[in-house]
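Analysis of the macromolecular model
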Amino acid sequence: MHALSHINPWLLGIVIVWSLIWKGIALWHSARNTQTAWYVVILILNTVGILEIVYLLFFRKSSNRLD
């Protein structure tokens, strides 16, 4: 816990917002596409947006309409 006391609070806030934005987008797409396994994994794991971006780029079902 002592190591975390040296982290800049602004940087931590930016990382949290970044992660929440990507998590929200990925959860929304996985729920709409009924990809339950992806939804659960994205909901449980915190990867600071990395898993969410990978899902959105490579595993999201394609659609012809803009979401």
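Everything that follows concerns the structure shown earlier in this document.
Residues numbered from 1 in each chain as written. Predicted model: local features only at pLDDT ≥ 70, side-chain atom pairs only at ≥ 80, totals over all residues. Heavy atoms only, no water.

With that settled, consider the overall build of the protein. The helix and strand tally for the protein stands at three helices and zero strands. When the 67 residues of the protein are sorted by exposure, 21% land in the buried category. Considering only residue pairs separated by 6 or more positions, the protein has 58% of its internal contacts joining residues 24 or more positions apart. When the accessible surface of the protein is split by element, carbon and sulfur atoms take 72% of a total near 5400 Å². (Helix = DSSP H or I, 4+ residues; strand = E, 2+ residues; numbered from the N terminus. Buried < 20%, exposed > 50% of the residue type's maximum accessible area, 1.4 Å probe, protein only. Contact = heavy atoms within 4.5 Å. Areas by Shrake-Rupley, 256 points an atom, 1.4 Å probe, with all protein chains shown as cover.)

Below, the discussion takes up the packing of helix α1 (residues 9-32) against helix α3 (residues 50-59). α3 packs onto α1 with a crossing angle of 40° between their chain directions and a minimal axis gap of 8 Å. Considering the angle they form, α1 stands oblique to α3. Here the hand of the crossing between α1 and α3 comes out left-handed. Facing α1, whose interface residues are Trp 18, Trp 22, Lys 23, Ile 25, Ala 26, His 29 and Ser 30, α3 presents Glu 52, Ile 53, Tyr 55 and Leu 56. Among the residues forming the contact of α1 with α3, the class breakdown is seven nonpolar, two polar and two charged. (Axes fitted to C-alpha atoms, helices over the stretch in contact; angles between N-to-C directions. Parallel < 35°, antiparallel > 145°, perpendicular 65-115°, else oblique. Left-handed = near helix turned anticlockwise from the far one by under 90°. Nonpolar A, V, L, I, M, F, W, Y, C, P; charged D, E, K, R; others polar.)

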